[in-house]
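Chain residues, written in single-letter form:
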Amino acid sequence: MNRSIPRTIFATLAILLIIPICAGNVHETTIYYLNDSVETGDTLELEQGYQLTIEDIRKNDAEISIFNGSEAILNTSISGDYTFDKEIAGINYDIIRISMNLNGGDPAPMVLEQYRDPDKPFDYPLIGEVSINIKKGEREPLKAGYELEATSIIDNNVVLTLYKGDDIVKQEKLSGSDKRFIHTTKVDGQRHTILIANLDRISNNDSVQLSELSQFKDPESADEGDDDDDDDGKWNTELVESPYFRYLLSIFVFACVFVMVLGIARRVHK
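Definitions and cut-offs
- Residues numbered from 1 in each chain as written.
- Predicted model: local features only at pLDDT ≥ 70, side-chain atom pairs only at ≥ 80, totals over all residues.
- Heavy atoms only, no water.
- Phe/Tyr/Trp six-rings, centres within 6.5 Å; stacked < 30°, edge-to-face > 60°.
- Helix = DSSP H or I, 4+ residues; strand = E, 2+ residues; numbered from the N terminus.
- Buried < 20%, exposed > 50% of the residue type's maximum accessible area, 1.4 Å probe, protein only.
- Core = buried A, V, L, I, M, F, W, Y, C linked by side-chain atoms within 4.5 Å.
- pLDDT = per-residue confidence, 0-100.
- Contact = heavy atoms within 4.5 Å.
- Pairing = 2+ DSSP bridges.
- Axes fitted to C-alpha atoms, helices over the stretch in contact; angles between N-to-C directions.
- Polar contact = N/O pair within 3.5 Å; in protein donor to acceptor, adjacent residues only side chain to side chain.
- 1 Å grid on protein atoms, 1.4 Å probe; cavity = no way out; pocket = protein on both sides within 12 Å on 5 of 7 lines; lining within 4 Å.
- Points joined across faces, edges and corners; volume = space filled by probe spheres on them.
- Nonpolar A, V, L, I, M, F, W, Y, C, P; charged D, E, K, R; others polar.

### Some points on the packing of aromatic side chains
Next, step 1: With the rule as written, the count across this model stands at 2 aromatic pairs.
Next, step 2: Between the aromatic rings of Y50 and F84, the centroid separation amounts to 6.2 Å while the plane-to-plane angle is 70°, which identifies the pairing as edge-to-face. Residue Y50 is found in strand 3 (residues 50-57), and its partner F84 is found in strand 6 (residues 81-88); the two are separated by 34 residues along the sequence.
Next, step 3: Take Y50: its relative accessible area is 2%, and that puts it in the buried class.
Next, step 4: Among the residues examined, F84 registers a relative accessible area of 12% and is labelled buried.

Right under this line is the structure:
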């Protein structure tokens, strides 16, 4: 009985310590999204200094290269879906996900999603992955003068309209499997994601529920408002999203569980 207690404690602690290893890859906020056709020779300027080049599109696969600044960090062939990841502080982060339809040859449809690399500098979102409910005909205020409206809801289809001031900058109908609303802008040849949101559900043709809504600073004009208030919020966000903070938090949780198991073991021993 006495020997089984330490063994139980050791086994419990060992299981808890390997949980992060078995949890699989994680990813941060989406900072770039593209759903378009690409062809051999195309180069995509992504965020945080990353660059993707389509070297060759063949019948059954495509050759791609990924650059970090001017340094080539990957050259590989993909046959459809591919994920480029990066290990940071013992955690594997998905950085770029690619899905290509290669059945039609060159050019080929491609969906690319880039997530924030926590190991590289990047302006934190004005709004970061929040869920909101928008009633039909009402504008939801966002940041930097933007507003989002569910203009029309008919037969489980919704028309979302994005305003900046009184100007409509994007209007799109979401239906069926197309449930992602994306607004991008192009500056100096580089496309930037400004707003991204997922359509979760439509409630009685009266309102829509959006999730993972993130808004980023418009590269054409810096956001000068609420600087003092944003500094504290930005610092808190940086701390929470830091991989080192998460690792220390995991250690703290494991220690608390270990103490709890040890206490139970002592009570059983008595």
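### Topic: the nonpolar core
Next, step 1: Among the nonpolar cores identified, the biggest contains 25 residues, and L52, I98, M100, M110 and L112 are the most heavily contacted of them.
Next, step 2: Elements represented by at least two residues in this core include exactly strand 1 (30-38), strand 3, strand 4 (62-68), strand 5 (71-78), strand 6, strand 7 (91-100) and strand 8 (108-115).
Next, step 3: Broken down by element, the residue count for this core peaks at 5 residues, all from strand 7.
Next, step 4: Grouped together as the second largest cluster of nonpolar side chains are 21 residues, I134, Y146, L174 and V208 included.

### Comments concerning the confidence of the model for the chain
Next, step 1: Residues at a pLDDT of 70 or more form 73% of the chain, whose mean pLDDT is 81.
Next, step 2: When mean pLDDT is compared element by element in the chain, strand 4 scores highest at 96, while helix 2 (residues 19-22) scores lowest at 45.
Next, step 3: Within the model, the stretch residues 18-23 combines pLDDT values under 50 with 1 contact to residues more than four positions away or in other chains.
Next, step 4: Note on residues 221-241: pLDDT is under 50 here. Beyond four places in sequence and across chains, it has 16 contacts.

### With respect to the sheet that holds strand 13 (residues 167-174)
Next, step 1: Overall, antiparallel pairing links the 4 strands, which are arranged 10-11-12-13 in an open sheet. Both edges of this open sheet fall to strand 10 (139-141) and strand 13, since each of them pairs with a single strand only. Geometrically, the sheet is characterised by an average inter-axis angle of 20° between neighbouring strands, direction not taken into account.
Next, step 2: Note: strand 10 against strand 11 (residues 146-154), 3 bridges, orientation antiparallel. By the bridge assignment for strand 11, R139 is matched with E149.

### Side note on the pairing of strand 12 (residues 157-164)
Next, step 1: Relative to strand 12, strand 11 runs antiparallel, the two being bridged by 8 bridges. When the bridges of strand 12 are listed, I153 appears paired with V158.
Next, step 2: Taking the residues between adjacent antiparallel strands as the criterion, strand 11 and strand 12 are bridged by 2 residues, where D155 takes a positive phi near 50°.
Next, step 3: Note that strand 12 and strand 13 share 7 bridges and pair antiparallel. Looking at strand 13, one finds that L162 is bridged to K170.
Next, step 4: Hairpin connection of strand 12 to strand 13: 2 residues between the antiparallel strands, including G165 at a positive phi of 70°.

### Details of the side chain of S65
Next, step 1: Tracing the chain through its elements places S65 in strand 4.
Next, step 2: A polar side-chain atom of S65 sits 2.8 Å from a polar atom in the side chain of E55.

### A look at the sheet that holds strand 3
Next, step 1: Ordered in space as 2-3-4-5, the 4 strands form an open sheet in which the pairing is antiparallel. The strands lining the two open edges of the sheet, one partner per strand, are strand 2 (43-45) and strand 5. For this sheet, the mean inter-axis angle between neighbouring strands, taken without regard to orientation, is 20°.

### Observations regarding empty space enclosed by the protein
It is a probe the size of a water molecule, rolled over the atoms, that shows where empty space is left.
Next, step 1: Counting across every chain of the model gives 1 cavity of 30 Å³ or more.
Next, step 2: Volume-wise, the largest cavity comes out at about 50 Å³.
Next, step 3: Forming the walls of the largest cavity are T29, T30, E129, R180, I196, N198, E212 and S214.
Next, step 4: Of all the secondary structure elements, the ones that give two or more residues to the lining of the largest cavity are strand 15 (190-203) and strand 16 (207-215).
Next, step 5: A class-by-class count of the residues in the lining of the largest cavity yields 1 nonpolar, 4 polar and 3 charged.

### A closer look at the environment of P125
Next, step 1: As for its position among the elements, P125 is in the loop between strand 8 and strand 9 (127-135).
Next, step 2: Separated by 69 residues in sequence, P125 and I194 place their C-alpha atoms 9.3 Å apart.
Next, step 3: Beyond its immediate stretch of four places on either side in the chain, P125 contacts T29, Q215 and F216.

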